[in-house]
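# Inside the fold
What follows is each chain in one-letter form.
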Amino acid sequence: GDESAYRVTQHQPMKLAAMEGIYQGEHRAGITAFGILNPSKQPGDDKEVFLFDITIPYALSILGNRSPDSFVAGIEDLLYGNEEKGVVGIDSRIQNGKIALQAFKDYKEAKAQNDTEAMNALKEVIQTHIKDFGYGYLHAPQEAIPPIALTFYSFHLMVALGSAFFVLFVVVLYLAMANNIVQFRKILWLCVIAIPFGYIAAEAGWIVAEVGRQPWAIQDLLPVGIAATNLSSVNVQISFFIFAILFTTLLCAEISIMVRSIKKGFEEEHTPLMQSVQKGGK
Ligand code: HEM
């Protein structure tokens, strides 16, 4: 989690701002431990971001930049630019991107005509603006903002579950080491109930990663709309159904193997694990 948050802050600041619902950047930025977003909030207006929130101060600056006083950019800083903090606005990035994109098209033409001089000049233009290349495909600055609510709630669900798992783990470890975990049947049930929540946390994390990076297929370089395949939908459907059938067959095979093994049970006299458990018990 720590490493992911650090990487996102350094390379996908808009995703991080959406994950935490930060509209205006701040030093000593906190993490919202619990928050309900104001659904009518839009970038640039002066409405409150949260209807209710509890924030852990400094936590986001530490997680994102590994420095408690550091500045974390918000959606509005990234959208409109913040000169003081060296953040370039999306409008300027779109203009730079369009220059790079045009230079790229011209480069191809120059190459077709074997015009080396023009190619070198255009290459320089592309290199100067390459970090804004993908913005040239955008039509409006707002397109650079991912769906904020979905990213925010998925992130917070994942972190809440991750924190709960950690507490459960510490409790179970303590009881197991104290050798009396079997007396705490409710804790054991809690462990069983926790199993599907691991998958829910993983899916929530995946939503954060994929929804939060919109509109990019490759950050700042290739928007999803441009990256989309031009294969016909029939081709996509065929490969989808092949995968669906293959994995469903594998799932059925795996479940039937597991059920058969469970029904068979332990072969006590031949199982070293069982023998050592029994010896330990004695
Ligand atoms: C305090 C706890 C946690 C923190 C701070 C945290 C942080 C993060 C962050 C920042 C991302 C976004 C990465 C990106 O977009 O590149 C992420 C993604 C993800 N997280 Fe968590 N996470 C936590 C707990 C968990 C737990 C408990 C699970 C699963 C059991 C989980 C599974 C995932 C998955 C599957 C992804 C998507 C990775 C990818 O597709 O690149 N996380 N997490």
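Notes on the structure in this doc start here. (Residues numbered from 1 in each chain as written. Predicted model: local features only at pLDDT ≥ 70, side-chain atom pairs only at ≥ 80, totals over all residues. Heavy atoms only, no water.)

Bringing the overall build of the chain into the picture now. If you tally the helices and strands in the chain, you get eleven helices and six strands. Relative to the globule expectation of 19 Å for 282 residues, the C-alpha radius of gyration of the chain, 26 Å, shows a markedly less compact shape. Relative to its full complement of 282 residues, the chain shows a buried share of 31%. Pairs at least 24 apart in sequence give 65% of the contacts found in the chain among residues at least 6 apart. If you sum the accessible surface of the chain, you get close to 18700 Å²; carbon and sulfur atoms cover 64% of it. (Helix = DSSP H or I, 4+ residues; strand = E, 2+ residues; numbered from the N terminus. Rg over C-alpha atoms; globule rule 2.2 N^0.38 Å. Buried < 20%, exposed > 50% of the residue type's maximum accessible area, 1.4 Å probe, protein only. Contact = heavy atoms within 4.5 Å. Areas by Shrake-Rupley, 256 points an atom, 1.4 Å probe, with all protein chains shown as cover.)

This part is about the coordination of the iron atom of the ligand. You will see that the iron atom of the ligand has only one donor from the protein, Met 158 (SD), lying 2.3 Å away. Considering the arrangement of structural elements, one finds Met 158 in helix α7 (residues 148-177). (Donors = N, O, S within 2.8 Å, 3.2 Å for Na, K, Ca; no water.)

Surveying the vicinity of the ligand reveals 17 residues, the closest of which are Lys 15, Met 158, Gly 198, Ala 202 and Ala 209. Here an oxygen atom of the ligand and a side-chain polar atom of Lys 15 are 2.5 Å apart. Counting residues per element, the ones that place at least two in the shell around the ligand are α1 (2-11), α2 (13-20), α7 and α8 (185-212). Sort the elements by how many residues they give to the shell around the ligand and α8 lands first, with six residues. Residues that form the shell around the ligand fall into these classes: eleven nonpolar, five polar and one charged. Viewed by domain, the shell around the ligand spans two of them, domain 1 (1-87) and domain 3 (147-212), each represented by three or more residues. (Near = heavy atom within 4 Å. Polar contact = N/O pair within 3.5 Å; in protein donor to acceptor, adjacent residues only side chain to side chain. Nonpolar A, V, L, I, M, F, W, Y, C, P; charged D, E, K, R; others polar. Domains from an automatic or database assignment.)

Within the secondary structure, His 27 sits in strand β1 (residues 26-27). Owing to a relative accessible area of 35%, His 27 belongs among the partly exposed residues under this scheme. Setting aside anything within four residues of it in sequence, one finds His 27 in contact with Ser 61, Asp 69, Ser 70, Phe 71 and Lys 85. Here the side chain of His 27 touches Asp 69 through a polar contact of 2.9 Å, landing on its backbone oxygen.

We now examine unusual backbone geometry. With the exception of glycine, the majority of residues adopt a negative phi angle, and the majority of peptide bonds are in the trans configuration. In this chain, Gln 214 is followed by Pro 215 through a cis amide linkage whose omega measures 10°. Topologically, Pro 215 is positioned in the loop between α8 and β5 (216-218). Backbone geometry places Tyr 58, a non-glycine residue, at a positive phi of 70°. Relative to the helices and strands, Tyr 58 is located in the loop between β3 (50-56) and α3 (59-65). Backbone geometry places Asn 114, a non-glycine residue, at a positive phi of 60°. Within the secondary structure layout, Asn 114 lies in the loop between α5 (90-112) and α6 (116-129).

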